[in-house]
Amino acid sequence: MDEITQLSGQVTELSYALDTFYFLMMGALVMWMAAGFTMLESGLVRAKNTAEILTKNVGLYSIACIMYMLVGYSIMYPGTHEGAIFRSLGTIGSGLLGSTDNSAAAVIASGGDTYYSKLSDFFFQVVFVATAMSIVSGAVAERMKLWSFFLFAIVLTGFIYPVQGFWKWGGGFLQTAGFQDFAGSGVVHLCGAAAALAGVLLLGARKGKYGAKGEVFAIPGCNLPLATLGTLILWLGWFGFNGGSELRLSNVGEANSVALVFVNTNMAAAGGLVFALMLARLWFGKADLTMALNGALAGLVAITAEPLTPTPLMATLIGGTGGVLVVVSIVSLDKLRIDDPVGAISVHGVVGIWGLLAVPMTNDDASLGAQLLGLFCIFFWVFLTSLLVWFLIRLTAGIRIDEEQEYEGVDISECGLEAYPEFTSAE
Amino acid sequence: MDEITQLSGQVTELSYALDTFYFLMMGALVMWMAAGFTMLESGLVRAKNTAEILTKNVGLYSIACIMYMLVGYSIMYPGTHEGAIFRSLGTIGSGLLGSTDNSAAAVIASGGDTYYSKLSDFFFQVVFVATAMSIVSGAVAERMKLWSFFLFAIVLTGFIYPVQGFWKWGGGFLQTAGFQDFAGSGVVHLCGAAAALAGVLLLGARKGKYGAKGEVFAIPGCNLPLATLGTLILWLGWFGFNGGSELRLSNVGEANSVALVFVNTNMAAAGGLVFALMLARLWFGKADLTMALNGALAGLVAITAEPLTPTPLMATLIGGTGGVLVVVSIVSLDKLRIDDPVGAISVHGVVGIWGLLAVPMTNDDASLGAQLLGLFCIFFWVFLTSLLVWFLIRLTAGIRIDEEQEYEGVDISECGLEAYPEFTSAE
Amino acid sequence: MDEITQLSGQVTELSYALDTFYFLMMGALVMWMAAGFTMLESGLVRAKNTAEILTKNVGLYSIACIMYMLVGYSIMYPGTHEGAIFRSLGTIGSGLLGSTDNSAAAVIASGGDTYYSKLSDFFFQVVFVATAMSIVSGAVAERMKLWSFFLFAIVLTGFIYPVQGFWKWGGGFLQTAGFQDFAGSGVVHLCGAAAALAGVLLLGARKGKYGAKGEVFAIPGCNLPLATLGTLILWLGWFGFNGGSELRLSNVGEANSVALVFVNTNMAAAGGLVFALMLARLWFGKADLTMALNGALAGLVAITAEPLTPTPLMATLIGGTGGVLVVVSIVSLDKLRIDDPVGAISVHGVVGIWGLLAVPMTNDDASLGAQLLGLFCIFFWVFLTSLLVWFLIRLTAGIRIDEEQEYEGVDISECGLEAYPEFTSAE
């Protein structure tokens with residue numbers, strides 16, 4: 001009998017170890033999405049603004065990690081369970097963490113209710129925050145002051161994001177209301193897009209983007225292999241983003257669920273890419289690579305709200321619809337003179353909304369009402385607070401570089417160096 | 001007694017979860033190979049054809065996923081076991097997948113015979129198909145019509161590949177005949193190379209590649225850091241390709257096997273790179289980076305047929321021989337005026353054959369006869385059907401862009417944009 | 001009773017499989033660091049020296065794997081346990097490895113003392129050696145003969161590194177003396193930096209780096225997106241580097257430890273980046289991207305000696321201090337006319353020392369005395385033997401390319417090709 005108890009404890013510990021490991025690997029994949037956004041955005045801007053967007057991306061990731069550790073995590077998960085770990089996160093000293101994470105005895109006593117390390121949860125959550133903030137950097141590219149952007153990053157990752165994150169994932173009112181958002185089409189992607197939209201509206205378009213007579217001028221990205229690499233990195237990272245959001249792996253049902261999430265995530269991206277590419281071919285007469293890339297990302301955003309209930313074919317179609325929407329949205333935003341150099345608002349905002357609204361099609365626990373409630377609350381909370389913050393920054397430090405700096409490129413004025421000093425010297 | 005049964009069930013479920021997770025992580029690494037091929041090929045073509053090869057690569061990956069879901073998987077694995085999952089893959093609706101993947105009760109009842117999620121198997125298989133198709137895109141680069149290429153991708157990934165995949169991995173006659181191909185030197189790499197060869201023969205060489213008097217002119221790749229990155233991505237992804245092909249991890253023997261496969265895969269690549277670099281140095285007088293990269297890939301292809309029975313030193317030598325062969329093959333194909341811009345036919349075809357023939361040296365279950373039977377069947381099936389399909393496409397849509405488009409670069413005519421608009425404007 | 005024994009054995013095997021899998025995945029992440037160094041260094045040199053640095057990086061990785069297999073591993077781990085596996089590694093033939101890795105019976109009999117595959121240990125260790133050697137290539141960039149570099153790589157990876165690795169990780173005198181170095185701030189990073197310093201001192205600075213009157217001229221890197229990508233790859237890979245160095249995962253305590261290591265590794269990098277970027281802004285007036293990247297790497301090196309005992313906030317500060325030190329060090333080394341094109345000696349050497357000295361702040365088992373002993377032994381062993389080897393190579397094959405080759409770029413003279421033939425032709 002005693003032997004069985006001991007063995008049973010060992011199995012529970014092993015199960016905990018597997019779930020923690022799964023969580024950490026999924027988190028590492030999401031961290032890798034930071035490289036995806038960095039490459040995507042640096043490929044889609046002009047050479048003269050490349051070093052700055054690189055700096056923004058690595059900087060915002062770091063700021064997000066620090067702010068979420070210091071305040072964000074405790075806002076989003078205020079329960080005592082997480083409170084203890086938070087107090088350790090923000091402590092200078094040694095040895096505190098070991099004693100605040102779950103003990104083997106507590107895990108065994110919980111009978112499987114405690115099934116992964118608290119710190120692995122923090123790791124997974126912190127890379128999500130960085131993802132949300134990454135969405136912003138692309139939309140405001142090529143014309144925003146670097147340090148004003150960082151200032152905004154501090155507020156979004158430390159306060160704005162965690163509050164709405166709490167509403168859903170921390171057990172707040174959206175969770176209670178039945179709002180369904182598996183991995184964050186709303187909490188992460190729409191959140192990032194709403195903050196980006198607020199910034200873009202206050203910032204205005206890049207010089208030369210829109211003509212006096214309503215013309216829209218293309219400003220091509222300088223390095224499409226990097227943009228493609230970025231998309232493929234995001235595609236890979238999204239297996240962690242969606243796959244890890246199942247939160248558990250260690251029995252047959254959970255393992256099957258994670259596998260289905262992987263398959264559906266992949267199929268939605270494929271569907272988004274193919275539909276966007278075909279639409280671009282029919283509409284513009286050309287197989288526009290940047291639309292294809294945005295189509296894949298749209299597919300990924302679309303399936304993020306619910307990757308577990310659709311069949312793979314259905315996931316392909318949900319993603320494919322995202323791919324169609326993103327092309328239409330990018331063209332439409334340009335008509336509205338909302339200048340988003342990388343299409344982030346379309347990919348993460350418009351398609352994020354599509355993803356949320358598509359959930360009731362396959363998930364019987366979802367209702368259109370709850371989905372609408374969730375998306376309105378998230379959008380208006382993030383949009384309005386962001387607008388306020390951007391506005392305050394504009395009043396004080398300013399948000400837009402001056403015209404000469406914009407002409408010459410923000411790399412020189414903000415970073416004091418060029419991204420490609422030898423390749424563009426012929427100009 | 002009851003407690004033991006329950007605990008035993010829990011262990012079986014945990015084991016299933018670990019094997020499924022392992023399969024999914026290996027599959028994610030193979031998916032990552034899509035980025036490897038994309039970077040490799042975009043680095044080895046000229047700037048003016050870069051956007052198109054990027055589009056081809058992301059497009060073919062997406063097409064492969066969709067076609068394999070719709071028809072390929074059920075052709076390759078026609079048994080009832082997989083049939084059920086297939087019927088769900090291709091169904092619009094919700095909730096079907098959950099009921100067709102393995103139930104916990106069935107897993108426990110199987111006594112360990114059912115040890116991973118059916119959907120994780122589909123995920124792993126689908127990224128293999130994409131790999132096979134990726135091989136083709138490099139060989140036909142810089143001169144093929146984009147949409148004709150996609151048409152071919154539909155046929156290869158939906159039909160040609162799955163048929164020969166069935167012969168070996170679906171339990172067909174090559175499996176019965178004792179043909180050994182652990183992870184697909186034949187089924188994946190030779191398959192891709194045979195399809196590429198058929199395309200290249202019908203397509204002809206790029207303008208300016210071969211002179212009237214038999215001269216071979218080098219057409220250097222425009223971005224060698226990307227080609228190097230692509231190679232290293234493939235190297236990493238190959239741990240999933242070969243490591244996942246063990247299919248199981250969850251006991252001491254299987255875990256040791258997976259570890260050995262990782263070690264041998266790494267050593268074979270290292271051997272291929274060093275041997276190719278040394279041969280290039282001796283033969284051409286220069287440490288030719290592109291030969292070194294192709295040497296590493298050759299090492300990887302060579303070990304793919306059997307990464308489990310060689311010792312690490314033997315794996316180094318099998319890979320090293322691949323590295324020598326690839327250099328000789330690339331030079332020889334140019335003499336035959338078979339124009340393969342990235343060396344894909346040499347890396348995946350010639351060295352794929354070497355890999356298959358090397359199996360009997362270390363695996364006593366293999367015979368030269370069965371290996372020859374396998375390679376001939378795979379080669380001729382894929383080569384002849386591909387030749388027919390390429391021929392039909394040439395008759396109808398055409399496969400080659402016109403001369404002016406080729407001169408100006410296929411990016412403008414097919415994609416309507418440039419990959420590096422600021423870096424090459426000085427021309 | 002028998003059933004329990006059988007079940008217990010199954011659990012032990014499953015545990016072994018999980019630990020082996022964890023080790024392999026962490027090793028794969030460390031292997032991926034090879035791509036990180038390759039991209040980082042190729043982004044920070046000039047276009048004309050890019051193909052050569054790419055060749056160096058892929059070549060040194062391959063050489064490191066082969067040399068460590070042939071001799072290094074047995075020098076570093078000379079015990080009978082590892083001896084058996086080594087003798088198989090270096091054997092031509094088949095079937096030997098299977099019989100030398102742990103048998104299921106031995107694993108079960110060990111009662112958990114034997115918990116991962118010997119080959120997974122070899123895989124993890126071999127990618128560490130390559131990391132150490134990668135550090136050297138950046139410091140000697142743009143002026144060293146390729147094959148002389150490879151000659152040095154053979155000696156470092158086969159002999160110099162394994163000897164000091166044995167002192168600590170093989171159970172040698174530094175281990176006995178209480179020297180603490182969790183994942184190798186000393187054994188890997190200081191080792192690489194010491195070898196690099198010896199090479200740089202004998203090699204001299206690049207032409208045009210330092211003026212006659214003590215001026216320091218910036219020689220900007222040609223491709224900062226690649227340098228940024230390289231940094232993010234290293235950041236990801238470091239989760240494997242530090243996370244895998246816990247060596248075990250399969251119970252609650254170990255899983256918590258691995259999670260804490262992931263969190264602290266991430267926070268230290270974030271801290272290093274932010275502190276370096278802020279210091280650069282204050283000191284130089286610009287948000288210098290290359291300093292930010294080196295700051296992140298410095299944070300990672302700093303936490304490598306002890307990622308398990310600090311709290312996350314403490315880890316941020318340890319990394320942040322590394323970020324400050326690296327900026328100061330890079331400026332100082334230039335004043336001393338020690339020309340290190342990528343800052344490798346500062347990142348891995350100066351900050352490696354900081355990491356070692358910071359251990360006693362949070363780890364009560366560490367003493368300043370033992371840390372000093374370790375760092376002096378490692379530094380002087382590696383520095384002096386490297387100096388001797390570089391000197392012997394200089395006497396015979398020579399280490400520096402001639403002046404004309406340096407002016408024209410080492411790509412043409414060493415590799416016979418250009419990395420970006422179309423982008424720099426305007427010069």
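Residues numbered from 1 in each chain as written. Chains lettered and ligands numbered in written order. Predicted model: local features only at pLDDT ≥ 70, side-chain atom pairs only at ≥ 80, totals over all residues. Heavy atoms only, no water.

1. So, the overall build of chain A
- The helix and strand tally for chain A stands at 17 helices and 0 strands.
- Whereas a compact globule of 427 residues would reach a radius of gyration of roughly 22 Å, chain A reaches 22 Å, a difference of no more than 12%.
- Buried residues in chain A amount to 69% of all 427 residues.
- Residue pairs at least 24 apart in sequence account for 79% of intrachain contacts in chain A once pairs closer than 6 positions are excluded.
- When the accessible surface of chain A is summed, it comes to about 12,100 Å², and 62% of that surface belongs to carbon and sulfur atoms.
- For chain A, the distance from the average position of its 19 positive side-chain charges to the average position of its 32 negative side-chain charges is 13 Å. (Helix = DSSP H or I, 4+ residues; strand = E, 2+ residues; numbered from the N terminus. Rg over C-alpha atoms; globule rule 2.2 N^0.38 Å. Buried < 20%, exposed > 50% of the residue type's maximum accessible area, 1.4 Å probe, protein only. Contact = heavy atoms within 4.5 Å. Areas by Shrake-Rupley, 256 points an atom, 1.4 Å probe, with all protein chains shown as cover. Lys, Arg positive; Asp, Glu negative; His and termini not counted. Charge placed at Lys NZ, Arg CZ, Asp CG, Glu CD.)

2. Examining the relation of the copies chain A and chain B
- With an RMSD of 0.0 Å, the operation that places chain A on chain B is a rotation of 120 degrees combined with a shift of 0.0 Å along the axis. Here the copies are linked by what is in effect a three-fold axis. Among all residues of chain A, the minimum C-alpha distance to the rotation axis is found for Phe423(A), at 3.2 Å.
- Little of the interface of chain A is mirrored in chain B, where only 20% of its interface residues again form contacts. (Least-squares fit on C-alpha atoms with pLDDT ≥ 70 in both.)

3. Some words on the packing of aromatic side chains
Residues and elements named next belong to chain C.
- Summed over the entire model, instances satisfying the criterion amount to 93 aromatic pairs over all chains.
- Judged by centre distance (6.0 Å) and plane angle (80 degrees), the ring pair of Phe128 and Trp169 falls under edge-to-face. With Phe128 in helix α6 (residues 118-139) and Trp169 in the loop between α7 (146-168) and α8 (173-176), this residue pair connects regions lying 41 residues apart in the sequence.
- Seen in terms of ring centroids, Trp238 and Phe241 are 5.7 Å apart; in terms of plane orientation they differ by 50 degrees. Their pairing is tilted. In this pair, Trp238 and Phe241 both sit in helix α10 (residues 224-243), 3 residues apart, roughly one turn of the helix.
- The class of Trp238 is buried, set by a relative accessible area of 0%.
- Exposure remark for Phe241: the relative accessible area of 0% places this residue in the buried category. (Phe/Tyr/Trp six-rings, centres within 6.5 Å; stacked < 30°, edge-to-face > 60°.)

4. A word on a negative patch on the surface
- A contiguous patch of negative charge on the surface is contributed by Asp402(A), Glu403(A), Glu404(A) and Glu408(A).
- As for its placement among the helices and strands, Glu404(A) is situated in helix α16 (residues 403-408). (Patch = residues over 30% accessible without salt bridge, like charges linked within 9 Å, V, L, I, M, F, W, Y side chains within 5 Å. Salt bridge = Lys/Arg side-chain N within 4 Å of Asp/Glu carboxyl O.)

5. What to know about the environment of Ile154(B)
Residues and elements named next belong to chain B.
- Locating Ile154 in the fold gives a position in helix α7 (residues 146-169).
- Owing to a relative accessible area of 32%, Ile154 belongs among the partly exposed residues under this scheme.
- Note: C-alpha distance between Ile154 and Ile63 (91 residues apart in sequence) is 6.4 Å.
- Once residues within four sequence positions are removed from consideration, Ile154 is found in contact with Ile63, Met67 and Phe159.

6. Describing the packing of helix α9 (residues 185-203) of chain B against helix α14 (residues 344-362) of chain B
All names here are of chain B.
- Running from amino to carboxyl end, α9 crosses α14 at an angle of 140 degrees, the nearest separation of the two axes being 8 Å. Considering their axes alone, α9 and α14 lie oblique with respect to each other. α9 and α14 meet at a crossing whose hand is left-handed. Touching Ser185, Gly186, His189, Leu190, Ala193, Ala196, Leu197 and Val200 of α9 are Ala344, Ile345, His348, Gly349, Gly352, Ile353, Gly355 and Leu356, all from α14.
- Split into classes, the residues belonging to the contact of α9 with α14 amount to 9 nonpolar, 7 polar and no charged. (Axes fitted to C-alpha atoms, helices over the stretch in contact; angles between N-to-C directions. Parallel < 35°, antiparallel > 145°, perpendicular 65-115°, else oblique. Left-handed = near helix turned anticlockwise from the far one by under 90°. Nonpolar A, V, L, I, M, F, W, Y, C, P; charged D, E, K, R; others polar.)

7. Looking at the interface of chain C and chain A
- Taken residue by residue, the interface counts 70 residues in chain C and 75 residues in chain A.
- With both chains or domains summed, chain C and chain A bury close to 5,600 Å², and 79% of this area falls on carbon and sulfur atoms.
- Considering only the surface of chain C that becomes buried against chain A, Pro225(C), Leu232(C) and Val252(C) emerge as the three largest contributors, covering 11% of it.
- Inspection of the chain C/chain A interface yields 0 salt bridges. (Buried area = accessible area lost by both parts, 1.4 Å probe.)

8. Some words on the pattern of salt bridges
All names here are of chain B.
- Applying the stated criterion across every chain yields a total of 21 salt bridges over all chains.
- Across the pair Lys56 and Glu52 runs a salt bridge whose closest N-O atoms are separated by 3.6 Å. Of the two residues, Lys56 and Glu52 are both situated in helix α2 (residues 50-76); the distance of 4 residues between them amounts to about one turn of the helix.
- For Lys56, a relative accessible area of 0% translates into the label buried.
- Of the residues examined, Glu52 reaches a relative accessible area of 1% and is grouped as buried.
- Between Asp339 and Arg206 there is a salt bridge, with its nearest N and O atoms 2.9 Å apart.

9. Section: the nonpolar core
- In this structure, Trp235(A), Trp235(B) and Trp235(C) are the most contacted members of the largest nonpolar core, which totals 486 residues.
- The residues touching Trp235(C), leaving out its near neighbours within four places in the chain, are Met31(A), Tyr61(A), Ser62(A), Asn266(C), Ala269(C), Ala270(C), Leu273(C), Ala296(C) and Leu300(C). (Core = buried A, V, L, I, M, F, W, Y, C linked by side-chain atoms within 4.5 Å.)

10. Description of the confidence of the model for chain A
All names here are of chain A.
- For chain A, mean pLDDT is 93; residues scoring 70 or higher make up 94% of the total.
- The low-confidence segment residues 80-84, where pLDDT is below 50, has 6 contacts with residues more than four positions distant or belonging to other chains.
- Residue range residues 92-98 is modelled with pLDDT below 50. Its contacts to residues more than four positions away, or to other chains, number 22 contacts.
- Scored as a complex, the prediction yields pTM 0.97 and ipTM 0.96. (pLDDT = per-residue confidence, 0-100.)

11. Side note on a nonpolar patch on the surface
All names here are of chain A.
- On the surface, a cluster of nonpolar side chains totalling about 450 Å² of accessible area is made up of Phe275, Trp283, Phe284, Leu317, Val324 and Val328.
- Within the residue set of the nonpolar patch, elements represented by two or more residues are α11 (252-284) and α13 (312-335).
- Examined against the element boundaries, Phe275 turns out to sit in helix α11.

12. Considerations on the side chain of Ser329(B)
Residue and element names in this part refer to chain B.
- On the secondary structure map, Ser329 appears in helix α13 (residues 312-335).
- Its relative accessible area of 8% is what places Ser329 among the buried residues.
- There is a polar contact of 2.7 Å between the side chain of Ser329 and the side chain of Ser346.
- Non-local contacts of Ser329, meaning those with residues more than four positions away in its chain, are made with Ser346 and Val350. (Polar contact = N/O pair within 3.5 Å; in protein donor to acceptor, adjacent residues only side chain to side chain.)

13. Considering unusual backbone geometry
- Residues other than glycine seldom take positive phi values, yet Arg337(A) does so here, at roughly 60 degrees.
- Inspection of the secondary structure puts Arg337(A) in the loop between α13 and α14 (344-362).
- According to the relative accessible area criterion, Arg337(A) is partly exposed, its value standing at 40%.
- A positive phi angle, near 75 degrees, is found at Glu142(B), a position not held by glycine.

14. Here we look at the relation of the copies chain C and chain A
- For the pair chain C and chain A, the best superposition has an RMSD of 0.0 Å and corresponds to a rotation of 120 degrees with a translation of 0.0 Å parallel to the axis.
- A share of only 20% of interface residues in chain C that are also interface residues in chain A marks the association as one of differing surfaces.

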